Amino acid sequence: DYEKTLDLHKNTEINSIRIVGGKLYGVLTFHSLQRHKDENPYILKELDLKNGKVLNQWLKMSSFNKGWPGVLNESPLFYKIGNKKELFSYGISDTILCFAEGEIYPYMVMEGEKTVSVDDFTDEEKNILRIENQIEQSQIRRNMLMRLGRDKKKNLSVSNFYSNGISLVFQCKS
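Position numbers for residues start from 1 in each chain and track the written sequence from start to end. Owing to the predicted nature of the model, reporting of local features is limited to residues with pLDDT of at least 70; listing and counting of side-chain atom pairs is limited to 80 or more, with chain, interface and lining totals taken over all residues. Think of the side-chain values as coming from all heavy atoms in the structure, minus any hydrogens and water.

### A look at the packing of aromatic side chains
Part 1 of the reasoning: Note on aromatic pairs: the rings of Phe, Tyr and Trp (six-membered ring only in Trp) are paired at centre separations within 6.5 Å, and the planes decide the class, stacked below 30 degrees, edge-to-face beyond 60, tilted for the rest. This structure, assessed with the given rule, holds eight aromatic pairs.
Part 2 of the reasoning: Ring geometry for Y25 versus W58: centroids 6.2 Å apart, planes at 45°, classification tilted. In this pair, Y25 sits in strand β2 (residues 23-27) while W58 sits in strand β4 (residues 54-60), placing the two residues 33 residues apart along the sequence.
Part 3 of the reasoning: An angle of 10° between the planes, with centres 6.5 Å apart, marks the rings of F88 and Y90 as stacked.
Part 4 of the reasoning: One aromatic cluster in this structure is built from Y25, W58, F78, F88, Y90 and F99. Starting at the N terminus, helices and strands are each numbered in turn, a helix being any DSSP run of H or I of at least four residues and a strand any DSSP run of E of at least two.

Structure (structure tokens):
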């Protein structure tokens, strides 16, 4: 049911929202240089439920998404793994966050040769948003996915978390 409209600050770019533990979070799932001048935006923001202002922000896109300006898959971002715990997995970040009892903390960090690094992207891929032609952007994205996922066997996303209280199962996509 509709409760109210919340106006966000004019420089707050988010594409997805979620309430976790009574707090409102906004997620920037795809950065647009055309709409926002911040070239190093934060992925996750806590928003004030009364006025829409940003209270806290985490995960700079340049480091946590390895410089790639958007998500690589369309899977959910939040995964409930218990009565009071939700995990947050975004794009190609190697860090999975946990939301529990009003706190946010790193839950799991992926390491190894299959983890994507900033150096895995070409300059053209890192600057894809500066290309105005949408068809050309799609071709660059598709070529990058093939090169990193299929050819180099890199993990491009972690998703579909499930916990039975003892084990945590998830999917790595390459």
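Next comes the rest of the account.
### Re the nonpolar core
Part 1 of the reasoning: Buried residues of nine kinds, namely Ala, Val, Leu, Ile, Met, Phe, Trp, Tyr and Cys, make up a nonpolar core once their side-chain atoms join them within 4.5 Å. Here's how the labels work: a residue is buried when its accessible area is under 20% of the maximum for its type, exposed when over 50%, partly exposed in between, all with a 1.4 Å probe on protein chains only. V27, I43, L44, F78, F88, Y90 and F99 are the most contacted members of the largest nonpolar core, which totals 14 residues.
Part 2 of the reasoning: Mapped onto this core, the elements with two or more residues apiece are β2, β3 (42-47) and β7 (95-100).
Part 3 of the reasoning: Contact definition: two residues touch when any of their heavy atoms are within 4.5 Å. For F99, the contacting residues outside a window of four places in its chain are V20, Y25, L44, F78, K84, K85, E86, F88 and I104.
Part 4 of the reasoning: Judged by nonpolar contacts, the second largest core, of 11 residues, contains V116, F121, L129 and I131.

### Some remarks on the sheet that holds strand β5 (residues 78-80)
Backbone hydrogen bonds hold the strands of a sheet together, and the pairing may be parallel or antiparallel.
Part 1 of the reasoning: Following DSSP output, two strands are said to pair if at least two bridges run between them. Ordered by their spatial adjacency, four strands build an open sheet running β5-β6-β7-β8, and the pairing between neighbours is antiparallel. Two strands bound the open sheet, and with one partner strand each, they are β5 and β8 (103-109). Strand after strand, the sheet turns through a mean of 30° between neighbouring axes, direction not considered.
Part 2 of the reasoning: Pairing of strand β6 (residues 85-88) with β7 involves four bridges; the strand directions are antiparallel. Following the sheet pairing, L87 is matched in β7 by C98. In this description, a line fitted to the C-alpha atoms serves as the axis of each element, helices being fitted only across the stretch in contact, and the angle between N-to-C directions of two axes falls anywhere from 0 to 180 degrees.

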